[in-house]
Amino acid sequence: MDRLIIDGGRPLAGEVRISGAKNAALPILCSALLTAEPLVLTNVPRLNDVRTMQTLLAQMGVRIDAGTAEKVALDAGRIDWPLAPYELVKTMRASILALGPLVARCGEARVSLPGGCAIGLRPVDQHVKGLVAMGAEIDLEHGYISARARRLKGMRFGFDVVTVTGTENLMMAATLAEGTTVLENAAREPEVVDLARCLATMGANIAGAGTDRITIEGVAALHGATHAIMPDRIETGTFLAAVAAAGGDATLTGTQADTLDAVLARLREAGAEVSVKGDAIRLVRRGPLGAFNLRTAPYPAFPTDMQAQMMALAARASGTTVITETIFENRMMHVQELVRLGAEIDVEGNTAIVRGVPKLNGANVMATDLRASACLVIAGLIAEGETTIDRIYHLDRGYERIEDKLSALGARIRRSRQ
Ligand code: EPU
């Protein structure tokens, strides 16, 4: 199993290009199921989760050409096998995103229930409830969701909780439904907007994506299209947090600052100077780091996917930072690992109280999920001495060549293959 070895304590400087967004690419790859014509995607990040999604779609009969860099062509002219098996769903929960498009296009689907995961229970009841409201017959048996519908029907549906993939699943299903669907209390994440943009290019009729009410007029068929995946706001935020933590002066290109308002505000509060020019964000941090407070919540509030990385920063800031996680019930597993590096953190329920310390010390730590791994990389960059991070397969799911990009900024980081 691969591990990362980081020799910490160096400031970061230089320029890095941000990749396409994982959490936009995954639903958009699934949207290929909605049309018999080819969908061509550009700026697709080269990540393990993207490869898993491609494997899943290929097993269904989708022809995929992922030959050249960051460009993927998908042709779902025929779907032989509208099935997402447990073996793949257990490795990637986002496989649930195939459910809506499959029922809408094929009239049937069998998708394994994802089960819980490291960061929380993560049920999919809202996805199922929405499809039932659209007239699908659903059975839960042998660990699978089996759905059937001759043609889905438009309806008004209010989500009980704000769910990103739930909103995406129902939005995709509604594009081919008969009549109008109104989704209330919808997720407003930029990735939902990117998916809506792609669907619109395919001929879908969608209004309100990016607000909490999305209206979709169903059409009889969608057609082929070309779409560029939006930049990854969480990869951007992770690199910004790394530079703020380590100190230095770095510019991230190919990104979209207006998707990161809450993150940029916290970084500035911590003492970083952040400036935006076109698709580039420059962060400079030379002075001391100060404490800040943050509370995760659905977009446009602070993203849960940046909580762990900001905790690494807080560990070295002067003063006490209070971090509250409201989206997932078990997303504090990085705390114990940070403590191994010398951080002082108490957790009470879903709140972490981080008392900044003057220095962290390198040690062996273990990655537990994707964003916890990114937190440990940042901690390793600011710790004195060597930090070894085990189980970095989590990191490869969501960051493209993180060690190469950090090395380009002057970090001493290398991968050891075992
Ligand atoms: N929830 C329900 N019922 C549902 C769906 C969700 O109770 O039917 C709850 C969840 O348990 C959770 C909350 O609602 O407590 C929000 O979950 P959401 O459904 O929004 O999460 P998701 O769609 O499964 C996506 C991202 C996550 C990101 C969350 C929150 C993708 C592929 N994944 O997950 O990304 O943390 O939204 O923003 O888009 C990551 O990239 O590291 C990651 C975990």
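Bear in mind the structure is a predicted one, so any value in this text is a computation, not a measurement.

## As for helix 12 (residues 370–382)
- In a regular helix each residue adds 1.5 Å, so 13 residues correspond to 18 Å; helix 12 covers 19 Å between its end C-alpha atoms and thus fits that length.
- For helix 12, the buried fraction is high: 13 of the 13 residues fall into the buried class.
- Capping the start of helix 12, D369 holds a side-chain oxygen 3.1 Å from the backbone nitrogen of R371, two or three residues further along.

## Side note on the environment of D75
- Among the secondary structure elements, D75 is positioned in strand 5 (residues 72–75).
- Sequence separation of D75 and A36 is 39 residues, and the distance between their C-alpha atoms is 6.8 Å.
- The contact partners of D75, leaving out residues within four places of it in the chain, are A36, P38, G61, V62 and R63.
- At 2.8 Å, the side chain of D75 forms a polar contact with the backbone nitrogen of G77.

## Quick word on the site of the ligand
- Residues in close proximity to the ligand total 21 residues, the closest being Q126, T163, T165, D305 and I327.
- With respect to the ligand, the side chain of K22 contributes an N or O atom lying 2.9 Å from an oxygen atom.
- The backbone of Q126 places a nitrogen or oxygen atom 2.7 Å from an oxygen atom of the ligand.
- Notes on the ligand: free accessible area 830 Å², of which the protein chains cover 87%.
- The set of elements that each furnish at least two residues to the shell around the ligand consists of helix 1 (22–31), helix 5 (125–133), helix 6 (164–175) and helix 12.
- With three residues, helix 5 is the largest single contributor of residues to the shell around the ligand.
- Grouping the constituent residues of the shell around the ligand by class yields nine nonpolar, six polar and six charged.

## Details of the pairing of strand 23 (residues 386–390)
- Here strand 1 (residues 3–7) pairs with strand 23 via four bridges, running antiparallel. Looking at the pairing, D7 lines up with E386 of strand 23.
- Strand direction decides the pairing type here: strand 22 (residues 364–366) and strand 23, joined by three bridges, are parallel. In the strand pairing of strand 23, V365 is matched with I389.

Procedures and definitions
- Along each chain, numbering runs from 1 in the same order as the chain's sequence is written.
- Per-residue local features are limited, in this predicted model, to residues with pLDDT of at least 70; the limit for side-chain atom pairs, both in listing and counting, is 80 or more; totals at the level of whole chains, interfaces and linings are taken over all residues.
- Processing note: side-chain calculations cover all non-hydrogen atoms of the structure and skip hydrogens and water entirely.
- Helix and strand assignments come from DSSP, with helices taken as H or I runs of at least 4 residues and strands as E runs of at least 2, each series counted from the N terminus.
- Residue count minus one, scaled by 1.5 Å, sets the expected span of a helix.
- Three exposure classes are used, based on accessible area relative to the maximum for each residue type with a 1.4 Å probe and protein chains only: buried under 20%, partly exposed in between, and exposed over 50%.
- Polar contacts, as counted here, are pairs of nitrogen or oxygen atoms within 3.5 Å of one another; within protein the pair requires one atom able to donate a hydrogen and one able to accept it, and residues that are adjacent in sequence qualify only if both atoms are side-chain atoms.
- Residue contacts are counted whenever heavy atoms from the two residues lie within 4.5 Å of one another.
- Residues are classed as near a molecule or strand on a simple rule: at least one heavy atom within 4 Å of it.
- For the area figures, the Shrake-Rupley method with a 1.4 Å probe applies, and any residue is considered shielded solely by the protein chains shown.
- Lys, Arg, Asp and Glu make up the charged group, whereas Ala, Val, Leu, Ile, Met, Phe, Trp, Tyr, Cys and Pro make up the nonpolar group; the residues left over, Gly among them, are polar.
- When DSSP finds two or more bridges between a pair of strands, those strands are recorded as paired.

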